[in-house]
Amino acid sequence: WTLAKDPARAARAQELALEVEPGSAGAFTGLRTYYEETEQAGKLAKLLRHRLQYESDSEAADELRVAFAEACLVTGERARAKTSLAEILRKNPNHLPALALLGTLSAEDREWRRAEALWLRLRDLYPRGETRTNLLRDLAQLYEHATRDLPAAEAVIGDLLAECPESDEPREALVRIS
């Protein structure tokens, strides 16, 4: 059965194929697509966790772990998502998607020092560009509002001003914290 003709039936056939051949890349890919398109995060998380047992390529495994973490967030398993991301960072401390997602989750959970450390590492990995600028904004907000570390906020805002000399935002922030 093809996904185009009867997606649910094709997905069931792929589930059966995985029961017979647990490491089947084709069945995994088809099911992953189906679960993503039908927004079945719980089944997707289970599928990704299963696939990790058969993935020998470390980069592909890290990509699966990030996808697993995202699926866990949808199903409300925040701690499991954070654990998955931390596992990636133990092996690869400069894994950009894991750093970004764990930094965001840490800030949302008011784990300010952890968010700071992750965002500083990310900032150092992005020499220039929009991503770095957004990180500097996040760090400035963290220092100004969450940790009330105004000297650190001032330093980061200075970096932001150097990145975006035409923007009024950094100047206004410096006035606000002075």
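Just above sits the structure.
Before going into details, it helps to say that this report is about the structure given with it. (Residues numbered from 1 in each chain as written. Predicted model: local features only at pLDDT ≥ 70, side-chain atom pairs only at ≥ 80, totals over all residues. Heavy atoms only, no water.)

**Focus: the packing of aromatic side chains**
The cut-off we apply is this: In summary, the pairing rule links any two rings of Phe, Tyr or Trp, Trp by its six-membered ring, whose centres are within 6.5 Å, and it sorts them by plane angle into stacked for under 30 degrees, edge-to-face for over 60 and tilted for everything else. Remark: exposure states derive from per-residue accessible area (1.4 Å probe, protein chains only) relative to the maximum for the residue type, with buried under 20%, exposed over 50%, and partly exposed in between. In this analysis the charged atom, NZ for Lys or CZ for Arg, is taken to sit over a ring once it is within 6 Å of the ring centre and within 35 degrees of the ring normal.
Tallying each qualifying case throughout the model produces one aromatic pair. Residues Y34 and Y35 carry aromatic rings whose centres are separated by 6.0 Å and whose planes lie at 55° to one another, so their mutual orientation is tilted. Each member of the pair, Y34 together with Y35, is buried. Here the guanidinium or amino end of R51 rests over the ring plane of F28, the centre of that ring lying 5.3 Å away.

**Observations regarding the pattern of salt bridges**
For the record, the criterion: Between Lys or Arg on one side and Asp or Glu on the other, a salt bridge is scored when a side-chain nitrogen of the former is within 4 Å of a carboxyl oxygen of the latter. Where helices and strands are cited, they refer to DSSP runs of H or I of at least four residues and of E of at least two residues respectively, numbered from the N terminus.
One pass over the structure, following the stated rule, counts 18 salt bridges. Between R32 and E63 there is a salt bridge, with the nearest N and O atoms lying 2.8 Å from each other. A residue pair is termed long-range when its members are at least 10 positions apart, and R32 in helix α2 (residues 25–37) and E63 in helix α4 (residues 58–74) qualify at 31 residues. Accessibility expressed as a relative area gives 15% for R32, which makes it buried. Residue class for E63 comes out partly exposed when judged on its relative accessible area of 38%. R128 serves as the salt-bridge partner of E163, at 2.7 Å between the closest nitrogen and oxygen. Of this pair, E163 sits in helix α9 (residues 150–163) while R128 sits in the loop between α7 (112–125) and α8 (130–146), placing them 35 residues apart in sequence. Each of R78, K82, E108, D109, E111 and R114 takes part in a single network of salt bridges with overlapping partners.

**What to know about helix α10 (residues 169–177)**
Put simply, the rule reads: In this description, the arc belongs to the directions extending from the helix axis to the C-beta atoms. In this analysis, two residues are considered to be in contact whenever any of their non-hydrogen atoms come within 4.5 Å of each other.
Among all positions in α10, only P170, A173 and I177 are buried. Projected down its long axis, α10 shows its buried positions confined to an angular sector of 60°, all on one face. Exposed residues lying more than 90 degrees from the buried face of α10 are E172 and V175. Its buried side turned inward, α10 meets α8 and α9.

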